[in-house]
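# An overview of the molecular structure
Here are the chains, one letter per residue:
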Amino acid sequence: MSHSIFDIRRHPLVLCLCAFIGMAAVSSAALSADKPKQEISRAIAKEIAATQKAMQASQWSEALKNLEAAEGKPGQTTFDKKTVAEFKGICYVRLNNLKGAQTAYEQALATGGYTADELPKTYRLLFQLAATNKSDAKAIEYGKQAADSGSATDEDLLIMAQLYYQQKDCKNSGLWGDKAIASFKKAGQPPKEVLYQLKLQCASDANDTNAMKAGLVELIRLTNKTNYWNNLIRLERQDERDDNNTRMIYRVMFDTNSMNADTDYIEMAQLLGDAGLPGEAQTVLEKAMSSGVLKDEHKERTTRLLNALKTRADADKKSLPSLDAEATKNPAGQLDVKVGEVYFGAGDYQNAATAINRGIGKGQVKQLDEAYVYLGRAQAALKNTAEAKKAFEKLKTVPNISPRVLKLWELYSDKLGS
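Our subject in this report is the structure included herewith. Treat the numbers as computed from the prediction; the structure is a model and nothing was measured.

The rules behind these values
Residues numbered from 1 in each chain as written. Predicted model: local features only at pLDDT ≥ 70, side-chain atom pairs only at ≥ 80, totals over all residues. Heavy atoms only, no water. Helix = DSSP H or I, 4+ residues; strand = E, 2+ residues; numbered from the N terminus. Rg over C-alpha atoms; globule rule 2.2 N^0.38 Å. Buried < 20%, exposed > 50% of the residue type's maximum accessible area, 1.4 Å probe, protein only. Contact = heavy atoms within 4.5 Å. 1 Å grid on protein atoms, 1.4 Å probe; cavity = no way out; pocket = protein on both sides within 12 Å on 5 of 7 lines; lining within 4 Å. Points joined across faces, edges and corners; volume = space filled by probe spheres on them. Nonpolar A, V, L, I, M, F, W, Y, C, P; charged D, E, K, R; others polar. Disulfide = S-S within 2.5 Å.

Let us now look at the overall build of the protein. Across its full length, the protein holds 21 helices and 0 strands. A compact globule built from 418 residues should have a C-alpha radius of gyration of about 22 Å, whereas the protein, at 32 Å, is more than 25% larger. When the backbone C-alpha atoms are referred to their principal axes, the protein occupies close to 105 × 45 × 40 Å. Counting only residues that meet the buried cut, the protein has 48% of its 418 residues in that class. Long-range pairs, those at least 24 residues apart, make up 61% of the contacts in the protein between residues at least 6 apart in sequence.

Using the criterion set out here, one finds 1 cavity of 30 Å³ or more in the structure. As a volume, the largest cavity reaches approximately 80 Å³. When contributions to the lining of the largest cavity are tallied by element, the ones reaching two or more residues are helix H15 (278-291), helix H16 (296-329) and helix H17 (334-345). Residue composition of the lining of the largest cavity, by class: 5 nonpolar, 3 polar and 4 charged.

Moving on, we get to the state of the cysteines. Under the definition given, this model contains 1 disulfide. Here Cys170 engages in a disulfide with Cys202; their sulfurs sit 2.0 Å apart. Classification of the bridge connecting Cys170 and Cys202 rests on its S-S torsion, roughly -85°, and on that basis the disulfide is left-handed. Of the two residues, Cys170 sits in helix H9 (residues 170-186) while Cys202 sits in helix H10 (residues 193-205), which places them 32 residues apart along the sequence. By relative accessible area, Cys170 is classed as partly exposed at 28%.

See the structure below:
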């Protein structure tokens, strides 16, 4: 069953009242000296003069009274009617009566008095008013007209995607979302997070797991937030049945600090312990305890497991000098990699990288995917980001590596150092 992943609210129009005032003020230029050809007729000249005087004094209610008086005058031209309606729109915006402003500008549009140059800005103004007033159907129509006329901004395209989502039209929400993403990128700006959230929620509503994964990958590339990592990794892990791949997936979760359930820490530690990696397993459980996620009902069991892992890890550490010497003499690289894994579990990342590099150079390594991952993780821990990325890059050369494991580590590598 689908569920809401995010609380996706209507994207706010930044400084919307100021934006409306700025756009509405353009309309008043229709009466300025540099706008020839059209003039107010004598039929309403007195009322318009009084209106302008009131507006200059910021007496918006008084201006509206004069405009209402002008509306009742006979013999008005199209330009008269459009100007009265526009001035009413300006006054309503200044009074923060945006529903009144929308009605006024719709009346101005209905006069047919706008020129081809004036229409794009008018469509955009009506789009923003309708969206703010939650007149979604009208906002969508005005938004289309604004986009067709070339006046819609990347933020407007984003709002269109939201409006369609609120209409439960995910197809068109996605189409407008893609337009917004392309517009942001063309302007050299990162797309807004909400655009990908809309795509993700639509995928969730449709129970489309692959689309959800794709949406989460985009959100991680954009933000690198741990909650997106957590959701992606849980989706990738739910169908995994191979213990080695599951360990790999858990390592990504651990290294991205996106592990937030004590059962994940416990299962990861058990899998590591079963694979002969008690030092790393100890580190995982110690983080579980220090992070405060461990539930009371799991503390006794976890403490027993941790004590057992510590005993094994201490034994491994004591044997490291002799094991390292033996691995160095061995012509095959498998033992070197194993020594590197023990060093990694002990927190000695420099020696871990040295031993694993030595083993990879010799060859005859059984699990190259593990070798490259440990090498990359060791270099990352040493803040050698470039070397870490080189190690993770080698994963694609490993035969039969799990595609989901490869995808996760490539994504981790891409965001490393960001």
